[in-house]
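# Architecture and fold: a report
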Amino acid sequence: PAVGAATIKNNRLHKASIVGLRKKGTQAQVSMIDSFHIGSLTKSMTATLIGKLIEEGKLGWKTQLKDVFGSELNLHTSLKYVTIEMLLAHRSGLQRETPTNIFETLKNDQRILPRDARKLLMRELLGNAPEKTPNTVFQYSNMGYTVLGAVAEKITNTPWETLMKDKIFTPLNMYSCSFGNPGKHGQDYSQPWGHKRVNGVITPIAPGFYEGNLSIK
């Protein structure tokens, strides 16, 4: 329902334009200052954060999970030797999405703070066998990048959100970036909604627990 585009010339914004609706079925027009949910780009930004920490000597490509969480978590044997490089390359063997029991726990108690939610997820993910044997096959894994975020938190004792602001957003003057949903509830048309195809029909998805990650404008 909406699309924006921009061109950069000599490292400066040259032209930008946007057109469409914030939600299908409404008359709410998008604007140049709207925030868009950027979803999986969270992974490339987290990878950049990990690269920065490696540059600073706080991590290595071959750092293993046992080196980070060995004293805190009861790691499954097959995951102890998973490296930062394997996680970045989707070769950790971890599943693609959040385990159902953790998803339901977080959905039903949204008072749990993000950092505590990641700790809960780490205990579940890393305490059980992965879906695939690590470093044998490529398996796209959102969970692998959640682990990387938790790794960054552990070695710096700093929330992932703060690290992203300090090491990625601020140096790049990305001051409009934020976390979570651009909109707040099912009647909030102040920001663009996500949409997906349901039975062949483009359908708007209300802001809520099922939407997450970063927002940018």
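The rules we used
Residues numbered from 1 in each chain as written. Predicted model: local features only at pLDDT ≥ 70, side-chain atom pairs only at ≥ 80, totals over all residues. Heavy atoms only, no water. Helix = DSSP H or I, 4+ residues; strand = E, 2+ residues; numbered from the N terminus. Rg over C-alpha atoms; globule rule 2.2 N^0.38 Å. Contact = heavy atoms within 4.5 Å. Areas by Shrake-Rupley, 256 points an atom, 1.4 Å probe, with all protein chains shown as cover. Lys, Arg positive; Asp, Glu negative; His and termini not counted. Charge placed at Lys NZ, Arg CZ, Asp CG, Glu CD. Salt bridge = Lys/Arg side-chain N within 4 Å of Asp/Glu carboxyl O. pLDDT = per-residue confidence, 0-100. Expected span 1.5 Å × (residues − 1). Buried < 20%, exposed > 50% of the residue type's maximum accessible area, 1.4 Å probe, protein only. Polar contact = N/O pair within 3.5 Å; in protein donor to acceptor, adjacent residues only side chain to side chain. Core = buried A, V, L, I, M, F, W, Y, C linked by side-chain atoms within 4.5 Å. Pairing = 2+ DSSP bridges.

### Comments concerning the overall build of the protein chain
When its secondary structure is counted, the protein chain shows seven helices and seven strands. Secondary structure elements of the protein chain, listed N to C terminal, follow the sequence β-β-β-α-α-α-α-α-α-α-β-β-β-β. By the compact-globule yardstick of 17 Å for 217 residues, the protein chain fits well, its C-alpha radius of gyration being 19 Å. If you line up the protein chain on its principal axes, its C-alpha atoms span 55 × 45 × 35 Å. Of the contacts made within the protein chain by residues no fewer than 6 positions apart, 63% connect residues no fewer than 24 positions apart. Summed over its atoms, the accessible surface of the protein chain is roughly 12,400 Å², and 51% of this surface lies on carbon and sulfur atoms. Here the protein chain contributes 28 positively and 17 negatively charged side chains, and the mean placements of these two sets differ by 6 Å.

### Quick word on the pattern of salt bridges
Applying the stated rule across the entire model yields 11 salt bridges. Residues Glu 85 and Lys 62 are paired through a salt bridge, measuring 2.5 Å at the closest nitrogen-oxygen approach. Residue Glu 85 is located in helix H3 (residues 84-88), and its partner Lys 62 is located in the loop between helix H1 (41-55) and helix H2 (65-69); the two are separated by 23 residues in the primary sequence. The partner of Glu 161 in a salt bridge is Arg 118, with the nearest N and O atoms 2.8 Å apart. In this pair, Glu 161 is assigned in helix H7 (residues 160-169) and Arg 118 in helix H5 (residues 114-126), connecting sequence segments 43 residues apart.

### Quick notes on the confidence of the model for the protein chain
For the protein chain, per-residue confidence averages 90 on the pLDDT scale, and residues scoring 70 or more make up 94% of the total. Within the protein chain, the element-level pLDDT minimum falls on strand S7 (residues 214-216), averaging 48, and the maximum on H3, averaging 98.

### Concerning H1
With 15 residues, H1 extends 21 Å between its outermost C-alpha atoms, agreeing within 8% with the 21 Å of an ideal straight helix rising 1.5 Å per residue. Within the span of H1, buried status applies to Thr 42, Lys 43, Met 45, Thr 46, Leu 49, Ile 50, Gly 51, Leu 53 and Ile 54. Of the residues trailing H1, Gly 57 is marked for its positive phi of about 80°.

### Comments concerning the side chain of Glu 153
You can see Glu 153 is positioned in helix H6 (residues 142-156). For Glu 153, the side chain forms a polar contact with the side chain of Arg 118, separated by 2.7 Å. In this structure the side chain of Glu 153 is engaged in a polar contact, spanning 2.9 Å, whose partner is the backbone nitrogen of Trp 160. Non-local contacts of Glu 153, meaning those with residues more than four positions away in its chain, are made with Arg 115, Arg 118, Thr 158, Pro 159, Trp 160, Glu 161 and Leu 163.

### Here we look at the environment of Ala 206
With respect to the secondary-structure elements, Ala 206 resides in the loop between strand S6 (201-205) and S7. With a relative accessible area of 35%, Ala 206 lands in the partly exposed category.

### Brief notes about the nonpolar core
With 40 residues, the main nonpolar core has Leu 65, Phe 69, Leu 126 and Val 147 as its most contacted residues. Among the secondary structure elements, those contributing two or more residues to this core are H1, H2, H3, helix H4 (100-108), H5, H6 and H7. If one sorts the elements of this core by residue count, H6 sits on top with seven residues. Discounting residues that sit within four places of it in the chain, Phe 69 has contacts with Leu 75, Leu 126, Ala 150, Val 151 and Lys 154.

### Looking at unusual backbone geometry
Phi is positive for Asn 10, close to 55°, though the residue is something other than glycine. Along the polypeptide, Asn 10 turns up in the loop between strand S1 (2-9) and strand S2 (12-20). The exposed category is assigned to Asn 10, whose relative accessible area is 70%. We note that Asn 173 has phi near 55°; this positive angle belongs to a residue other than glycine. Position of Asn 173 relative to the elements: it lies in the loop between H7 and strand S4 (178-179).

### Some details on the pairing of S2
Here eight bridges tie S1 to S2, and the two strands are oriented antiparallel to one another. In the sheet register, Ala 6 faces S2, and the bridge partner there is Ala 16. Counting the residues in the hairpin turn of S1 and S2 gives two residues, including Asn 10, whose phi is positive at 55°.

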